[in-house]
Amino acid sequence: MFYHIITYGCQMNVHESEKLAGMLENLGYVSTPKKEDADVILFNTCCIRDTAERRAYGNIAALKKLKKNKPDLIIGVCGCMPQQDSSKTYLETKMPHVDIVFGTHNLHKFSEMLQNCLKDKKRIIETWGDSVLQPANTPMTRTSGVNAWVNITYGCNNYCTYCIVPYVRGREISRPMNEIIEEVKQLLKSEQYSEITLLGQNVNSYGNDLKDGTTFAKLLENIAILDGEFRLKFMTSHPKDIKDEVIDTIAKYKKISRLIHLPVQSGSNAILKAMNRRYTREYYLERVNYIRQQMPDAGLSSDIIVGFPGETEQDFLDTLSLVKEVGYSNLYMFMYSPRKNTPAASMPNQIDELVKKERVKKLIELQRGLMRENAKQSIGKKYRALFEEFKDGVLSAVTDCGKLVFINNASKELVGKFGEVLITSAKSGRLIGELV
Ligand code: 5AD
Ligand code: SF4
């Protein structure tokens, strides 16, 4: 018996697919890269932008023929999309070839749902309302190489006006600190993982709901002091909540990655306000300065949305100037996509798609130039790095500050180990290095 999982969206979904795989393997299923061979096909979906939704619907619809030729095939759709009533109804009524529909809050019930579906030969369409802590004993088949994902919070309380996440993932809820530390200890003990990435929509507010003084800084510290050589990463950080204490803790421990993902979304105060981000451009730049003061070698990455309702040419120029001023090592750039029932979707002055396209193109060009410049400046420098992957004869490494470096003529035995790399050249922003 074989399974095949198609995952869309963020790291949270990637990790949840590892849980689905774990549950399937506990039932005796084996992973296959070919859909045609599978007895169970799952779509773990995302609805953050229209493109993600459309792609998923297209690919789910395309399985109609396969199901017709193989009636025993079980097709499941889960993740963020079915958490919206409209999508759930659409799947229920317009996609009769889908057998199981479930959401993010009842993911840990998938084994039961699958067994019931097989036993009763009945469709199962079930999603739950609000955030739930996934049980610590949910099985997992980890698939991310030397990196292991670890959930620290589920859900989000921030309600940025463009964002669907709080509606589909529910209220923020933190896992107990001892449970997280136990999971990390087990991962380190297995000696299979050199990198631990803590996951939450806003890691900086970890612990707020526990009301016992637990903070993200304490969690970071308690993990960073564990024995063994490993790298500790985390995402995502909301700038409004990144306190000095968190930055000081990162600076204090070498094990914590110096690449900080700090999504700014826009460089214009008027747009930040309309987005309900609850910080200003000046406050954001002050946080960046504090990070750089404490860790001159830190790398920063960010998300930006262009074409938010009401974004003027000047607002967009403010974003460009902020991007130049910060100098991000990585930037994820998106065109605003209206999401049903979010406040921004019904704001006046929606921006024309062509304008959005032009703006995102300009932003991409700017960032490319900055990255090329940045790459050139790295030539001749030495960095500590984790060797992460060996593919087509090339070893890839990620430095403590988040630079991706490719190394030719190196051994694949190094994967999972730390070492020094020297940057020898850069081609279109791609760094080439050698072992020191
Ligand atoms: N349109 C475009 N981008 C969005 N993001 C979230 N919601 C939307 C939307 N409606 C982006 C934000 C966020 C990232 C994960 O996705 O930049 O940080
Ligand atoms: Fe969405 Fe804002 Fe929550 Fe991030 S912090 S998930 S952008 S609502």
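Residues numbered from 1 in each chain as written. Chains lettered and ligands numbered in written order. Predicted model: local features only at pLDDT ≥ 70, side-chain atom pairs only at ≥ 80, totals over all residues. Heavy atoms only, no water.

With respect to empty space enclosed by the protein
Piece 1. Summed over the entire model, instances satisfying the criterion amount to 2 cavities of 30 Å³ or more.
Piece 2. Of the volumes computed, that of the largest cavity is approximately 70 Å³.
Piece 3. Lining the largest cavity are H15, K19, Q134, P135, A136, T138, M140, N151, Y154, R175 and E183.
Piece 4. Across the lining of the largest cavity, the residue classes break down as 4 nonpolar, 4 polar and 3 charged.
Piece 5. Of the voids in this model, the second largest cavity is the one considered here, and its volume is about 50 Å³.
Piece 6. Classifying every residue of the lining of the second largest cavity gives 2 nonpolar, 5 polar and 2 charged. (1 Å grid on protein atoms, 1.4 Å probe; cavity = no way out; pocket = protein on both sides within 12 Å on 5 of 7 lines; lining within 4 Å. Points joined across faces, edges and corners; volume = space filled by probe spheres on them. Nonpolar A, V, L, I, M, F, W, Y, C, P; charged D, E, K, R; others polar.)

Comments concerning the nonpolar core
Proteins that are soluble and globular tend to have nonpolar side chains buried together.
Piece 1. Grouped together as the largest cluster of nonpolar side chains are 55 residues, with contacts concentrated most on I196, L198, F216, L219 and I223.
Piece 2. With near-sequence residues (within four places) excluded, L198 lies in contact with V150, I152, V203, F216, L219, L220, I223, L232, K233, F234 and M235.
Piece 3. Residues A38, I41, V98 and I164 belong to the second largest nonpolar core, which totals 24 residues. (Core = buried A, V, L, I, M, F, W, Y, C linked by side-chain atoms within 4.5 Å. Buried < 20%, exposed > 50% of the residue type's maximum accessible area, 1.4 Å probe, protein only. Contact = heavy atoms within 4.5 Å.)

Quick look at the environment of Y383
Piece 1. Looking at where Y383 falls in the secondary structure, it is placed in strand 15 (residues 382–391).
Piece 2. Here the alpha-carbon distance between Y383 and R55, two residues 328 residues apart in the chain, equals 39 Å. (Helix = DSSP H or I, 4+ residues; strand = E, 2+ residues; numbered from the N terminus.)

Thoughts on the site of ligand 2
Piece 1. As a structural note, the neighbourhood of ligand 2 is formed by C156, N158, Y159, C160, Y162, C163, V165, P166, Q201, H238 and R277.
Piece 2. Residues of the shell around ligand 2, tallied by class, amount to 7 nonpolar, 3 polar and 1 charged. (Near = heavy atom within 4 Å.)

Some details on the pattern of salt bridges
Piece 1. Tallied over the full model, the rule gives 24 salt bridges.
Piece 2. We note a salt bridge from R339 to D50, for which the minimum N-O separation is 3.6 Å. Of this pair, R339 sits in the loop between strand 14 (330–335) and helix 13 (353–378) while D50 sits in helix 2 (residues 50–61); the two residues are 289 residues apart in sequence, bridging distant segments of the chain.
Piece 3. Among the ionic pairs, E353 bridges to K356, the shortest N-O distance being 2.8 Å. Within this pair, E353 and its partner K356 are both found in helix 13, separated by 3 residues, close to a single helical turn.
Piece 4. With relative accessibility at 2%, the residue K356 sits in the buried group.
Piece 5. Members of the salt-bridge network, linked through shared partners, are E195, E229, R231, K233, R384 and D400. (Salt bridge = Lys/Arg side-chain N within 4 Å of Asp/Glu carboxyl O.)

Section: helix 9 (residues 244–252)
Piece 1. Within helix 9, the full set of buried residues consists of V246, I247, T249 and I250. Relative to the axis of helix 9, the buried residues are bounded by an arc of 160 degrees and lie together on one face.
Piece 2. Where helix 9 is buried, its residues meet helix 8 (216–224), strand 11 (231–235), strand 12 (259–261) and helix 11 (281–294). (Arc of directions from axis to C-beta.)

So, the domain arrangement of the protein chain
Piece 1. Partitioning the protein chain into structural domains gives domain 1 (2–126), domain 2 (147–377) and domain 3 (379–435).
Piece 2. For domain 2 and domain 3, the distance between their C-alpha centroids amounts to 25 Å.
Piece 3. At the interface, 18 residues of domain 2 touch 18 residues of domain 3.
Piece 4. Here domain 2 and domain 3 share an interface that buries about 1400 Å² over both sides, 48% of which is from carbon and sulfur atoms.
Piece 5. The largest contributions to the domain 2 side of the interface with domain 3 come from S194, R231 and A375, which together make up 36% of the buried area.
Piece 6. Counting across the domain 2 and domain 3 interface gives 2 salt bridges.
Piece 7. The salt bridge involving R384 is made with E229; its shortest N-O contact spans 3.4 Å.
Piece 8. Considering each element in turn, the side of domain 2 that touches domain 3 owes the most residues, 6 residues, to helix 13.
Piece 9. Looking at the side of domain 2 that touches domain 3, its residues break down into 5 nonpolar, 5 polar and 8 charged. (Domains from an automatic or database assignment. Buried area = accessible area lost by both parts, 1.4 Å probe.)

A short note on the sheet that holds strand 1 (residues 2–7)
Piece 1. Spatially, 6 strands are ordered 2-1-3-4-5-6 in an open sheet, and the strand pairing comes out parallel. Either end of the sheet is taken by a strand with one partner, and the two such strands are strand 2 (30–31) and strand 6 (124–126).
Piece 2. The pairing of strand 5 (residues 100–102) with strand 6 spans 3 bridges and is classified as parallel. Across the sheet, the residue bridging to F102 is E126, located in strand 6.
Piece 3. Packing against the sheet, helix 5 (residues 110–120) makes contact with strand 3 (40–45), strand 4 (74–79), strand 5 and strand 6, and its axis sits at approximately 155 degrees to strand 5. (Pairing = 2+ DSSP bridges. Axes fitted to C-alpha atoms, helices over the stretch in contact; angles between N-to-C directions.)

Quick look at the site of ligand 1
Piece 1. Residues in close proximity to ligand 1 include I48, R49, Y162, Q265, D303, I305, F334, M335, Y336, S337 and R339, which together make up its full environment.
Piece 2. In this structure, a nitrogen atom belonging to ligand 1 sits 3.0 Å away from a main-chain N or O atom of Y162.
Piece 3. Contact distances for ligand 1 include 2.7 Å between an oxygen atom and a side-chain N or O atom of Q265.
Piece 4. The fraction of the free accessible surface of ligand 1 (400 Å²) that becomes covered by protein chains is 86%.
Piece 5. Residues of the shell around ligand 1, tallied by class, amount to 6 nonpolar, 2 polar and 3 charged. (Polar contact = N/O pair within 3.5 Å; in protein donor to acceptor, adjacent residues only side chain to side chain. Areas by Shrake-Rupley, 256 points an atom, 1.4 Å probe, with all protein chains shown as cover.)

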